[in-house]
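Examination of the molecular architecture
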Amino acid sequence: MTTLPIEPAPAPPNTETPSTEPRRASLRGVNASDRIYKGVLTVLALALPLLIVALFVQLFVSALPAIKRFGFSFLWTSTWDPVAEIYGAAPMIFGTLASSLIALLIAVPLALGVAIFLTEFAPRWVRQPVAFLVELLAAIPSVVYGLWGVFVLIPFLRSYAVPPLKAVLGWTPFFQGVFYGNSLLAGGIILAIMIVPYIAAVSREVLLAVPGSQREAALAMGATRWEAVWTAVLPYGRAGLIGAVILGLGRALGETMAVTMVIGNRHDIGLSALQPAYTMAAAIANEFSEATTDTYLSALFEVGLILFVITVLVNAFARLLIWRVARGAAVGSRAL
Amino acid sequence: MAASANVRLRLETVRLTALFHRIAAVREVSILFPAHTVTAIIGPSGCGKSTFLRCLNRMHELSEGGWVTGKVLLDDVDIYASDVNPIQLRRRIGMVFQRPTPFPTMSIYDNVAAGLRVNGRRSRAELDEAVERALRQAALWDEIKDRLAASALELSGGQQQRLCIARALAPEPEILLLDEPTASLDPAGTQRIEELCQELKRLYTIVIVTHNLQQAARVSDDTAFFYMGRLIEVGRTRELFTKPQVEQTEAYITGRFG
Amino acid sequence: MTALVALMAFTAVLALVLILGDLIAKGASSLDWNFFVRNPAPAGETGGGVANAIVGTGIIVGLAALIGLPIGIGAGLYLAEYGSGRLGFLVRFVADVLNGTPSIVIGILAWTWMVKPVGRFSALAGSVALAVLMIPMIARTTEEMVRLVPHSLREAALALGYPRWRTSLRVVARTALSGIVTGCLVGIARVAGETAPLLFTALGNLNFTTKVTQPMQTLSLQIYVYATGPFDEWHRLAWAAALVLVALVLVLSMVARWVTRQRYGGVR
């Protein structure tokens, strides 16, 4: 616009002329308040990229001693010995991935089913209440899920679910050993319940973003409701749905409280879901206050760094996929 | 040109070209709008009439990629000069849009007063007077004088549009720009606003963009016909409609295209 | 096939019903006056309450909101108003990615910045951790709500001679206000339930305190301690505290929805 120095806009011209005469207001003047406004907002907005950079840098700096000491072997060493000061994150990484995998196996069909039900098949009067109820699931805090997991889920698994599972599938490596309760399985199930509403909410938004013309074109060709969904809607939204699932994965990877209360917190790698296990987030929560030496602490920070990097990559990938279907909309930002 | 030499000039464009990035939507338009007249701008969809109108109060540059060459002279001052503040300018030129846009969180009174409050502090008494005057000019006062504190959204479409007119009039601009103001109104509302145009020209200079030829014929003193971004012809309304000089004008007016 | 997806929806709802049901069944009976006004009893003894946790939750979450809401709303307004360029894309992307960052990681970083340098745990450190969680959430919901305001409203204000900042605040943001408030309430509800970021910042406190430079208890921390402890009494109290916390979160979420319903001239 103009390059005059920044100063407050001049006071408006005199306002005393009677209202019957048109005022000849001056056309000249600068509006610095617009620039100040933009400046303030920009500074506030810059807090975000600054924050993520600061997070990463600090994690890296705090983890550096451990990185220097253990190198890449940190990623595949199974020993976690605070006494001998040897730390390896392999069991935690394994447990994180395994519990998330179990969670996805259970949650994805459920969540997609809910999303498809809500957008395509539910009668109008059912939609609002069910959507609301599913959203409520997302509002329940992690620690409450943990509480429920410890006192309701695990006893239930022990008494009613695991015996038949063992009877049928006990020959596989996945259901070996004695089930005491705290286990990879319990962690996976709790995670599944926690991420269902998240995947469902994002999937629903993705499906709603699919243009109605896709559905209608299929229906006009004589497809049944379900066929229209399967052949026209889902493929169109496929990228976004995969994105929703990956977002759910990202969520599961970072869940802490509920997991640490039911998973057993043991540095162990094993294929059996009935055995205790550990995740990166749970380990940090559990052991951070007990880290007496600098190396111990640094090792935990390195675990945090690995977790941070993995979740950032997973989330970034998911967002890109979703963005392709629902351009730039804040999809899932309200899905708690 | 339509104006006779002794009518005081208010608004004039000189070879005005309006572009979006590299594409010209308005090309080399030179026209003058004599004071206290109603000028209608007609033309088929996409001919650039709205874009042209938005150049007159420097709204065009707020659009993505919008920029302008040429001049627009308001009282012989080029409004596109580098030391002109567009915000101050827009307080001298009022604009009403196609769809009524009352501010939803403000009452009727506050809507009308909005343009005044942003222009500097006024006492309550001054505001009351200005609001009443503007609402009377917009022929809305009698209908809503008892519910000035009510939400603007309680009004009907036609009333909302007249409210927007009142809002545009309250700061006492010299020019009033109307961009298809009756496009979303029913016939009764349309008629009220057309009557308004004739009354208001005593106080203001009015430029109205319309795609409705009959409306242009009813309402305006001068008419300008635009086509593909260019000004094809401008003249006294009666003459333009009965004896157009350019063939394209005649074709449009008689409905052969548009 | 319809039946199948209906069944899935039903299963999901069932899970919710079961959890809420258990909360009420196991927790409601412990909700008495004592529970709300007394502090925790010494280990193993009966009759304690969660007064310190309730107040602590209020203080820590309130302080977090004080820090996080202005930055979040400001960033959201930036994105809506000026965010169509490259910086806007970056900020938006970062916000979305931050939204998925594990809260425990935020927690240990808050420890590094606010606890370690002073050698003391504090409620303030906890609030900062929660604020960091809130900011990207609020930024995105604010942006979304402001973008819903029709462009024509902005134009009408500009044509009247409103400067851009005033258009953005007085007209656009004001119109989107109830939506923005909803987003804030939802964000607050979400952080009210957080535990992980508080483990090493606010730490927890068995005593009643309102000093933000001291460790402080919250409902979420209390539940964690009690649920993982050895005493039956503690377990009983954990259920009751969980019921209170969930009720708090649900009420906040419902108020958030109610606010959007009560619009003065809805824009949707």
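Our subject is the structure that appears above.
Reference entry: report on the structure contained in this document. (Residues numbered from 1 in each chain as written. Chains lettered and ligands numbered in written order. Predicted model: local features only at pLDDT ≥ 70, side-chain atom pairs only at ≥ 80, totals over all residues. Heavy atoms only, no water.)

Another aspect to go through is the overall build of chain C. Summing up its helical and strand segments, chain C has eleven helices and zero strands in all. Order of helices (α) and strands (β) in chain C, N terminus to C terminus: α-α-α-α-α-α-α-α-α-α-α. Per-residue burial over chain C gives 61% buried out of 268 residues. Relative to all contacts within chain C whose residues are 6 or more apart in sequence, the contacts with residues 24 or more apart total 74%. With the model as given, the accessible surface of chain C reaches about 10100 Å², and the carbon-plus-sulfur share is 66%. (Helix = DSSP H or I, 4+ residues; strand = E, 2+ residues; numbered from the N terminus. Buried < 20%, exposed > 50% of the residue type's maximum accessible area, 1.4 Å probe, protein only. Contact = heavy atoms within 4.5 Å. Areas by Shrake-Rupley, 256 points an atom, 1.4 Å probe, with all protein chains shown as cover.)

Attention now moves to the pattern of salt bridges. Residues and elements named next belong to chain C. Counted by the stated rule, this structure contains 27 salt bridges over all chains. Across the pair glutamate 143 and arginine 92 runs a salt bridge, and its minimum N-O distance is 2.9 Å. With a gap of 51 residues between them, glutamate 143 in helix α6 (residues 123-147) and arginine 92 in helix α4 (residues 86-99) connect regions that are remote in the sequence. Like arginine 92, glutamate 143 is buried. (Salt bridge = Lys/Arg side-chain N within 4 Å of Asp/Glu carboxyl O.)

For the rest of this paragraph, the subject is the sheet that holds strand β6 (residues 93-96) of chain B. Residue and element names in this part refer to chain B. The strand order across the open sheet formed by six strands is β6-β7-β8-β3-β9-β10, and the pairing between neighbours is mixed. The strands lining the two open edges of the sheet, one partner per strand, are β6 and β10 (230-236). Looking at each pair of strands side by side, their axes are set apart by 15° on average, direction ignored. Two elements, strand β7 (residues 175-179) and strand β8 (residues 205-209), share five bridges in a ladder whose sense is parallel. Bridge assignment links aspartate 179 to a residue of β8, and that residue is valine 209. (Pairing = 2+ DSSP bridges. Axes fitted to C-alpha atoms, helices over the stretch in contact; angles between N-to-C directions.)

The next thing to look at is empty space enclosed by the protein. Applying the stated criterion to the full structure yields ten cavities of 30 Å³ or more. Taken as a whole, the largest cavity holds about 390 Å³ of empty space. What lines the largest cavity is a set of 28 residues, among which Ser142(A), Arg251(A), Glu255(A), Arg190(C) and Glu194(C) lie closest to the centre. Of all elements in the fold, only α3 (124-139), α4 (142-169), α5 (184-209) and α7 (225-254) of chain A together with α9 (177-192) of chain C reach the threshold of two or more residues within the lining of the largest cavity. Looking at the lining of the largest cavity, its residues break down into 14 nonpolar, ten polar and four charged. (1 Å grid on protein atoms, 1.4 Å probe; cavity = no way out; pocket = protein on both sides within 12 Å on 5 of 7 lines; lining within 4 Å. Points joined across faces, edges and corners; volume = space filled by probe spheres on them. Nonpolar A, V, L, I, M, F, W, Y, C, P; charged D, E, K, R; others polar.)

If you look at the biggest cluster of nonpolar residues, it comprises 246 residues, and the most contacted ones within it are Phe52(B), Phe103(B) and Ile104(C). In terms of residues, this core owes the most to one element, α5(A), which gives 17 residues. Discounting residues that sit within four places of it in the chain, Phe103(B) has contacts with Asn111(B), Ala114(B), Ala152(B), Arg167(B), Leu153(C), Ala156(C), Ala157(C), Leu160(C), Tyr162(C) and Val171(C). Counting 46 residues, the second largest nonpolar core, distinct from the first, contains Val131(B), Ala138(B), Trp141(B) and Leu169(B). (Core = buried A, V, L, I, M, F, W, Y, C linked by side-chain atoms within 4.5 Å.)

Let's shift gears to the interface of chain A and chain C. Taken together, the 77 residues of chain A in the interface contact 83 residues of chain C. Counting across the chain A and chain C interface gives one salt bridge. Taking the shortest distance from any N to any O, the salt bridge between Arg257(C) and Glu135(A) comes out at 3.2 Å. Linking chain A with chain C are eight residue pairs in polar contact (both at pLDDT 80 or more). When residues in the side of chain A that touches chain C are grouped by element, the largest group, 19 residues, is from helix α1 (residues 32-70) of chain A. Partitioning the side of chain A that touches chain C into residue classes produces 54 nonpolar, 17 polar and six charged. (Polar contact = N/O pair within 3.5 Å; in protein donor to acceptor, adjacent residues only side chain to side chain.)

For the rest of this paragraph, the subject is the interface of chain C and chain B. The partner chain B presents 27 residues to the 19 residues of chain C that form the contact. When the two sides are added together, the surface that chain C and chain B hide from each other amounts to roughly 1900 Å², 66% of it contributed by carbon and sulfur. Glu155(C) is the salt-bridge partner of Arg54(B), the closest N and O atoms lying 2.8 Å from each other. Counting across the interface, chain C meets chain B through two residue pairs in polar contact (both at pLDDT 80 or more). (Buried area = accessible area lost by both parts, 1.4 Å probe.)

All names here are of chain C. Of note, threonine 142 is situated in helix α6. Sequence separation of threonine 142 and alanine 12 is 130 residues, and the distance between their C-alpha atoms is 29 Å. With near-sequence residues (within four places) excluded, threonine 142 lies in contact with Ile73, Gly76, Leu77 and Ile180.

Take the environment of Leu63(C) next. Residues and elements named next belong to chain C. Among the structural elements, leucine 63 can be located in helix α3 (residues 51-82). Overall, leucine 63 belongs to the partly exposed group, its relative accessible area being 21%. A sequence separation of 65 residues divides leucine 63 from valine 128, and the C-alpha atoms of the two residues are 8.2 Å apart. Excluding anything up to four places from it in sequence, leucine 63 contacts Leu124, Ser127 and Val212.

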